[in-house]
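These are the residues of each chain, in order.
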Amino acid sequence: MGLTGLIWRGETYDIDLGKPIGHEPRFTRPAVVVSMNIINNGPGELVSVVPISSKFYGLRSHVGLERKTSGLDHV
């Protein structure tokens, strides 16, 4: 969690995705929070994240991350 104990959009966390099915991301990996702050810290305790991968498949939906600003070891 962030310094305030709240979860903010754009932060990265290591999350456990459990055992994969097929080609799904697996086990513990970094993920970025994409849901709105009001939802992240609301009474529903719901947070939407997107797993981060170092694989690039050339899809239009993939977003590149800068190593300097992402805080990740490698991107």
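Residues numbered from 1 in each chain as written. Predicted model: local features only at pLDDT ≥ 70, side-chain atom pairs only at ≥ 80, totals over all residues. Heavy atoms only, no water.

**With respect to the nonpolar core**
Ranked by size, the top nonpolar core spans five residues in total: I7, Y13, I15, A31 and V33. Elements supplying a minimum of two residues to this core: strand 1 (12-16) and strand 2 (28-33). Setting aside residues up to four positions removed in sequence, I15 forms contacts with F27, T28, R29, A31 and V49. (Core = buried A, V, L, I, M, F, W, Y, C linked by side-chain atoms within 4.5 Å. Buried < 20%, exposed > 50% of the residue type's maximum accessible area, 1.4 Å probe, protein only. Helix = DSSP H or I, 4+ residues; strand = E, 2+ residues; numbered from the N terminus. Contact = heavy atoms within 4.5 Å.)

**Quick notes on the pairing of strand 2**
A one-sided burial pattern is seen for strand 2, the buried positions being R29, A31 and V33 and the unburied ones T28, P30 and V32. In this structure, strand 1 lies alongside strand 2, joined through five bridges in antiparallel fashion. Each residue of the ladder has a partner; that of T12, found in strand 2, is V32. Bridging between strand 2 and strand 3 (residues 49-51) involves three bridges; their strand directions are antiparallel. Opposite V33, over in strand 3, you have V49 as the bridge partner. (Pairing = 2+ DSSP bridges.)

**A look at the sheet that holds strand 3**
Reading across the sheet, the three strands line up as 1-2-3 and stay open at both edges, with antiparallel pairing between neighbours. Edge positions in the sheet fall to strand 1 and strand 3, since each has one partner strand and no second. Strand after strand, the sheet turns through a mean of 45 degrees between neighbouring axes, direction not considered. (Axes fitted to C-alpha atoms, helices over the stretch in contact; angles between N-to-C directions.)

**Some remarks on a nonpolar patch on the surface**
Side chains of M36, I38, I39 and L46 sit close together on the surface and give an oily, nonpolar patch of about 430 Å² of accessible area. On the secondary structure map, L46 appears in the loop between helix 1 (37-40) and strand 3. (Patch = residues over 30% accessible without salt bridge, like charges linked within 9 Å, V, L, I, M, F, W, Y side chains within 5 Å. Areas by Shrake-Rupley, 256 points an atom, 1.4 Å probe, with all protein chains shown as cover. Salt bridge = Lys/Arg side-chain N within 4 Å of Asp/Glu carboxyl O.)

**Remarks on unusual backbone geometry**
A positive phi angle, near 50 degrees, is found at E45, a position not held by glycine. With respect to the helices and strands, E45 occurs in the loop between helix 1 and strand 3.

**As for the confidence of the model for the protein**
Per-residue confidence for the protein gives a mean pLDDT of 82; residues scoring 70 or more make up 87%. Highest mean pLDDT in the protein belongs to helix 1 (94); lowest belongs to helix 2 (residues 67-70) (71). (pLDDT = per-residue confidence, 0-100.)

**A few points about the side chain of S35**
For S35, the location among the structural elements is in the loop between strand 2 and helix 1. On the accessibility criterion, S35 (8% relative accessible area) is buried. At 2.3 Å, the side chain of S35 forms a polar contact with the side chain of N40. Among the polar contacts made by the side chain of S35, one reaches the main-chain amide nitrogen of S48 at a distance of 3.0 Å. Those residues within four positions of S35 in sequence are excluded, and the remaining contacts are R9, N40, V47 and S48. (Polar contact = N/O pair within 3.5 Å; in protein donor to acceptor, adjacent residues only side chain to side chain.)

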